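Given next are the chains, with one letter for each unit.
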Amino acid sequence: MGKKKEKCRKKTLLQKTLDGTTPTLNNCISQKHKICMVSDFFYPNMGGVESHIYQLSQCLIERGHKVIIVTHAYGNRKGIRFLTKGLKVYYLPLKVMYNQSTATTIFHSLPLLRCIFVRECITIVHSHSSFSVLAHDALFHAKTMGLHTVFTDHSLFGFADVSSVLTNKLLTVSLCDTNHIICVSFTSKENTVLRGALNPEIVSVIPNAVDPTDFTPDPSRREDGKITIVVISRLVYRKGIDLLAGIIPKLCLKHPDLNFIIGGEGPKRLVIEEVREKYQLHERVRLLGALEHREVRNVLVQGHIFLNTSLTEAFCMAIVEGASCGLQVVSTKVGGIPEVLPEDLIILCEPTVKSLCEGLEMVIAKERAGNLLSPAAIHNRVKTLYTWRNVAKRTEKVYDRVAKEVVLTIDERLHRLMFSCGPVAGCIFAFLAVLDFLLLLLLKWLVPESYMDRAVDATGPHGLWRQWSLPRASPNGEQKSNYHLSHSSVELLNDASC
Amino acid sequence: MSDEAFSDINGNRISLDCQRHSDFCGEFTVSSPKLSFLKVTGCTCALWLCAYTIFFFTEVTEVLSVAIMLSLVGMMGHLHFLKIDHESLLVIGSLGIQMTSSYASGRESTTFIEMSKVKDVVINEAIYMQRVIYYLCILLKEPLHPNEVGDIVPVFQSCKPRLNCLIEIYKQCQEILAQS
């Protein structure tokens, strides 16, 4: 008798710990959300989107939400990994097609994504980057499954060439029934609203952020008696490297104490190397090649002036990082850049060699006269402008709003697709949505939700991570840390039931 | 000494038998359901119908005899090489861990891992056939660096019990490992 009772108690306790999250699934009024970030781009790939997802997730976890990340497998890195603070990352074994984007048949990712959404009790699916096919797939399936959806756009697009026309059409279809869209700057919002033919009311602007503690000034690292201009960007056409190639010889001939440091890698590296060769500037123009994120600060602090020559930019993280390190920023006046920094911290120029040279000369003259703000002063101004905690707070508001909305039922969704996305694409995607719905029904019959174990929470309101300090759970040591979590979380269950 | 009903990841009922011989020794047996009579009959009938259709059009009698042979050999092969009835995990604290799978034909295959090579027994997650499942596995030590985790040996590979069953086994394994 006593044994039976104990068994009963054990069962209920286990159920509570395992399924303690399910009640909130039904009443979404609860302030704590269960968020699934989806993007093709995540670490070990490096870039702005990757660090955005990581930092945002960490801050949301800090605020008590449950966050998981879904991306595709990178080489040998597949399966399930845990990062700092119990951030769970699913590396799905999907085929990579082009530029780290997965190939799509629209449907093949449904079984796996459904399994993840169900076992993690996800309420909000948050996709990142319009270049990511997996993100669009996840939006499509999440809507079929009746989950709330949020999309963050990280880039600007044109309207003229064939590839933009096609991507814009895809974006229209993908976003027409998405609950909410986040853009990183007002320029980007304008661009996205136009491209996606959206209602501007469902588009929010939340800028990116930098970690100010990572980018602190250190004037002692600067070379005395010289003026150094730092450029850190990928060496591609979009970043205006051809402009840079025009600027370098002009300024170097005029100012013998001027040096350039260029960090980054890309196809346009040849152009810079050619210029360096032609004008014999090997001493004065240093090309560093690809930089790791943690090396960036050490390069930045060596300079006086930060130069950005981008031709298009939704929100330029690089100039904020530069300013945070106490550098005077000179940049082209394109895209969302004018919104990013207050006027006295940045010199804006037209994207021409002449205008950029004038801007740089003005800064050099000021630097010689000692009229520039001190690095520490610039850092202190920038420090409070963009923080990830602020970004997380604002994103949380979007989630709260989205959670109150109703998800479109399948017939409303079809109606929306047919009538707001054009006659041809609308009908095709409405048909695909129906197929997706049927496939979901088939999957529900083949593998009912009751056959899937609910995952043990690492983060969130019932998270097990904070109760257990794990020695090896740093981003560098994450390789093997999944065993530790599996281990300790189950051990916790063990304690709970005894 | 318990014998409880659990289910595997496909919803079939399986039973778990935990036997604690002493504080340092325990045996956990997971039994999957027997081969269902309906399934066998269905497969045989399907094969024979195909054969009979071919025979009907070609009138070659060998087709029928080949079909009979095939079904017999297939049945035996399935029982001998594929169908696993029980899988058991024998943990002896001071000695090691032994995994046994018994096939429906009575054949048994056994693997033994010395305790000096075992680092730990844990529950892990994996992506398996368009799903994400939990499984129990034995972590082995890296031969050169004893503090690092080397290979992973999954147990109960054919039964694939669900999490509640795995936790039951895991707890008892940990008790035994902690005592030795």
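Residues numbered from 1 in each chain as written. Chains lettered and ligands numbered in written order. Predicted model: local features only at pLDDT ≥ 70, side-chain atom pairs only at ≥ 80, totals over all residues. Heavy atoms only, no water.

### Comments concerning the UniProt feature "domain: PIGA GPI anchor biosynthesis" (unreviewed entry) in chain A
So, step 1. The UniProt entry lists residues 72–161 of chain A under the feature "domain: PIGA GPI anchor biosynthesis" (unreviewed entry), expressed in the numbering used here.
So, step 2. Secondary structure across residues 72–161 of chain A comprises 24% helix and 31% strand; the distance between its end C-alpha atoms is 29 Å. (UniProt positions renumbered as here; feature names shortened; annotations may be inferred. Helix = DSSP H or I, 4+ residues; strand = E, 2+ residues; numbered from the N terminus.)

### Focus: the packing of aromatic side chains
The way to describe two aromatic rings as a pair is by their centre distance and the angle between their planes.
So, step 1. Scanning all chains against the criterion turns up 6 aromatic pairs over all chains.
So, step 2. With a centroid separation of 5.2 Å and 40 degrees between ring planes, the pair formed by A:Phe42 and A:Tyr43 is classed as tilted.
So, step 3. Ring plane angle 85 degrees and centroid distance 5.5 Å describe the contact between B:Phe56 and B:Phe57, whose orientation is recorded as edge-to-face.
So, step 4. Here the aromatic residues A:Phe42, A:Tyr43 and A:Tyr54 are joined through ring pairs into a cluster of three or more.
So, step 5. Across from the ring centre of A:Phe140, 5.0 Å away, lies the NZ or CZ of A:Arg413, which sits over that ring. (Phe/Tyr/Trp six-rings, centres within 6.5 Å; stacked < 30°, edge-to-face > 60°. Lys NZ or Arg CZ within 6 Å of the ring centre and 35° of its normal.)

### A short note on the sheet that holds strand E9 (residues 180–183) of chain A
Residues and elements named next belong to chain A.
So, step 1. Ordered in space as E3-E4-E2-E1-E7-E8-E9-E10, the 8 strands form an open sheet in which the pairing is mixed. Whereas interior strands pair on both sides, the edge strands pair on one side only; in this sheet they are strand E3 (79–83) and strand E10 (203–205). Going across the sheet, the axis of each strand differs from the next one's by a mean of 25 degrees, ignoring polarity.
So, step 2. As judged from the 4 bridges shared by strand E8 (residues 148–153) and E9, these two strands associate in the parallel manner. What sits directly across from Asp 153, in E9, is Cys 183.
So, step 3. The strands touched by helix H15 (residues 388–404) are strand E1 (34–38), strand E7 (124–128), E8, E9 and E10; relative to E8, the strand with the most contacts, the crossing angle is about 145 degrees. (Pairing = 2+ DSSP bridges. Axes fitted to C-alpha atoms, helices over the stretch in contact; angles between N-to-C directions. Contact = heavy atoms within 4.5 Å.)

### What about the environment of A:Lys239?
Residue and element names in this part refer to chain A.
So, step 1. Assignment of secondary structure puts Lys 239 in the loop between strand E11 (227–232) and helix H8 (241–254).
So, step 2. Spatially, the C-alpha atom of Lys 239 lies 7.9 Å from that of Asn 308, the residues being 69 residues apart in sequence.
So, step 3. Here Lys 239 is in contact with Ser 233, Arg 234, Thr 309, Ser 310, Leu 311 and Glu 313, once residues within four sequence places are set aside.
So, step 4. In terms of polar contacts, Lys 239 uses its side chain to reach the side chain of Glu 313, at 3.2 Å. (Polar contact = N/O pair within 3.5 Å; in protein donor to acceptor, adjacent residues only side chain to side chain.)

### Examining helix H3 (residues 163–179) of chain B
So, step 1. With 17 residues, H3(B) should reach 24 Å at 1.5 Å per residue; the first-to-last C-alpha distance of 24 Å fits that figure.
So, step 2. The buried fraction of H3(B) is high, at 13 of 17 residues. (Expected span 1.5 Å × (residues − 1). Buried < 20%, exposed > 50% of the residue type's maximum accessible area, 1.4 Å probe, protein only.)

### Some thoughts on the pairing of E8(A)
Residues and elements named next belong to chain A.
So, step 1. Within E8, 6 of the 6 residues are buried, which leaves the element mostly enclosed by the surrounding structure.
So, step 2. Burial along E8 is two-sided: the residues His 148, Val 150 and Thr 152 and Thr 149, Phe 151 and Asp 153 are all buried.
So, step 3. Viewed along the sheet, the connection from E7 through helix H5 (residues 133–144) into E8 turns out right-handed.
So, step 4. Crossover handedness for the path E8 to helix H6 (residues 162–175) to E9: right-handed. (Right-handed = clockwise from strand over helix to strand, strands pointing away.)

### Digging into the UniProt feature "transmembrane region" (unreviewed entry) in chain B
All names here are of chain B.
So, step 1. Taken from the UniProt record, the annotation "transmembrane region" (unreviewed entry) applies to residues 37–57 and 63–82.
So, step 2. The span residues 37–57 is 100% helical and 0% strand by assignment, and the distance between its end C-alpha atoms comes to 31 Å.
So, step 3. Measuring from the first to the last C-alpha atom of residues 63–82 gives 26 Å, for a span that is 100% helix and 0% strand.

### Describing the packing of helix H11 (residues 317–324) of chain A against helix H14 (residues 375–383) of chain A
Residues and elements named next belong to chain A.
So, step 1. The geometry of H11 relative to H14 is characterised by a closest axis approach of 7 Å and an angle of 130 degrees between their N-to-C directions. On the basis of the axis angle, H11 is oblique to H14. Across from Val 320, Ala 323 and Ser 324 in H11, the residues of H14 making contact are Ile 378, His 379 and Val 382.
So, step 2. Taken together, the residues of the contact of H11 with H14 sort by class into 4 nonpolar, 2 polar and no charged. (Parallel < 35°, antiparallel > 145°, perpendicular 65-115°, else oblique. Nonpolar A, V, L, I, M, F, W, Y, C, P; charged D, E, K, R; others polar.)

### Topic: a nonpolar patch on the surface
Residues and elements named next belong to chain B.
So, step 1. There is a patch of nonpolar side chains on the surface, built from Leu 47, Trp 48, Val 66, Ile 68, Met 69, Leu 70, Leu 72 and Val 73 and spanning about 750 Å² of accessible area.
So, step 2. Counting only elements with at least two residues in the nonpolar patch, the list comes to helix H1 (37–58) and helix H2 (62–82).
So, step 3. The biggest single contributor to the nonpolar patch is H2, with 6 residues.
So, step 4. In this fold, Leu 70 is placed in helix H2. (Patch = residues over 30% accessible without salt bridge, like charges linked within 9 Å, V, L, I, M, F, W, Y side chains within 5 Å. Areas by Shrake-Rupley, 256 points an atom, 1.4 Å probe, with all protein chains shown as cover. Salt bridge = Lys/Arg side-chain N within 4 Å of Asp/Glu carboxyl O.)

### What to know about the nonpolar core
So, step 1. Grouped together as the largest cluster of nonpolar side chains are 62 residues, with contacts concentrated most on A:Met37, A:Leu300, A:Phe306 and A:Ile319.
So, step 2. Residue contributions to this core peak at 7 residues, all from helix H3 (residues 48–62) of chain A.
So, step 3. Mapped onto the domain boundaries, this core takes at least three residues apiece from domain 2 (33–209 + 390–451) and domain 3 (219–386) of chain A.
So, step 4. With residues up to four places along the chain from it excluded, the contact list for A:Phe306 reads A:Val230, A:Ile232, A:Leu300, A:Ala318, A:Ile319, A:Gly322, A:Leu327, A:Gln328, A:Val329 and A:Val330.
So, step 5. Core analysis: the second largest hydrophobic core is formed by 35 residues, B:Phe28, B:Val121, B:Leu140 and B:Ile176 among them. (Core = buried A, V, L, I, M, F, W, Y, C linked by side-chain atoms within 4.5 Å. Domains from an automatic or database assignment.)

### A look at the side chain of A:His148
So, step 1. Considering the arrangement of structural elements, one finds A:His148 in strand E8.
So, step 2. Setting aside its immediate chain neighbours within four residues, A:His148 contacts A:Thr123, A:Ile124, A:Val125, A:Asn179, A:Val402, A:Ala403, A:Glu405 and A:Val407.

### What about the domain arrangement of chain B?
Interfaces are often described in size by the accessible area the parts lose on coming together.
So, step 1. Domain annotation of chain B identifies domain 1 (2–32 + 86–179) and domain 2 (37–81).
So, step 2. Here the C-alpha centre of domain 2 of chain B lies 37 Å away from the C-alpha centre of domain 1 of chain B.

### Focus: the pattern of salt bridges
So, step 1. Per the counting criterion, the structure on display carries 25 salt bridges over all chains.
So, step 2. Taking the shortest distance from any N to any O, the salt bridge between A:Lys88 and B:Glu125 comes out at 3.0 Å. Highlighted residues: A:Lys88 in strand E4 (residues 87–92) and B:Glu125 in strand E7 (residues 118–128), drawn from two different chains.
So, step 3. B:Glu125 gets classed as buried once you look at its relative accessible area, which sits at 9%.
So, step 4. Within this structure, A:Lys66, A:Lys88, A:Arg119, A:Glu120, A:Asp457 and B:Glu125 form a network of salt bridges that share partners.

### Some points on helix H4 (residues 110–119) of chain A
Residue and element names in this part refer to chain A.
So, step 1. The buried fraction of H4 is high, at 10 of 10 residues.
So, step 2. Buried within H4 are the following residues: Leu 110, Pro 111, Leu 112, Leu 113, Arg 114, Cys 115, Ile 116, Phe 117, Val 118 and Arg 119.
So, step 3. Cys 121 lies just past H4 and shows a positive phi near 55 degrees.

### Description of the domain arrangement of chain A
All names here are of chain A.
So, step 1. Along its sequence, chain A is organised into domain 1 (1–30 + 468–498), domain 2 (33–209 + 390–451) and domain 3 (219–386).
So, step 2. Summarising the inter-unit geometry, the C-alpha centres of domain 2 and domain 3 are found 35 Å apart.
So, step 3. Of the residues lining the interface, 14 residues belong to domain 2; the matching set on domain 3 comes to 12 residues.
So, step 4. When domain 2 packs against domain 3, the two sides together hide about 1,000 Å² of surface, and 63% of this comes from carbon and sulfur.
So, step 5. Contact with domain 3 buries surface across domain 2, with Leu 156, Asn 208 and Ala 209 losing the most and accounting together for 41% of the total.
So, step 6. Linking domain 2 with domain 3 are 0 salt bridges, by the criterion used here.
So, step 7. Inspection of the domain 2/domain 3 interface yields 4 residue pairs in polar contact (both at pLDDT 80 or more).
So, step 8. The element that contributes the greatest number of residues to the side of domain 2 that touches domain 3 is helix H7 (residues 186–196), accounting for 3 residues.
So, step 9. Along the lines of polarity and charge, the residues of the side of domain 2 that touches domain 3 split into 6 nonpolar, 8 polar and no charged. (Buried area = accessible area lost by both parts, 1.4 Å probe.)

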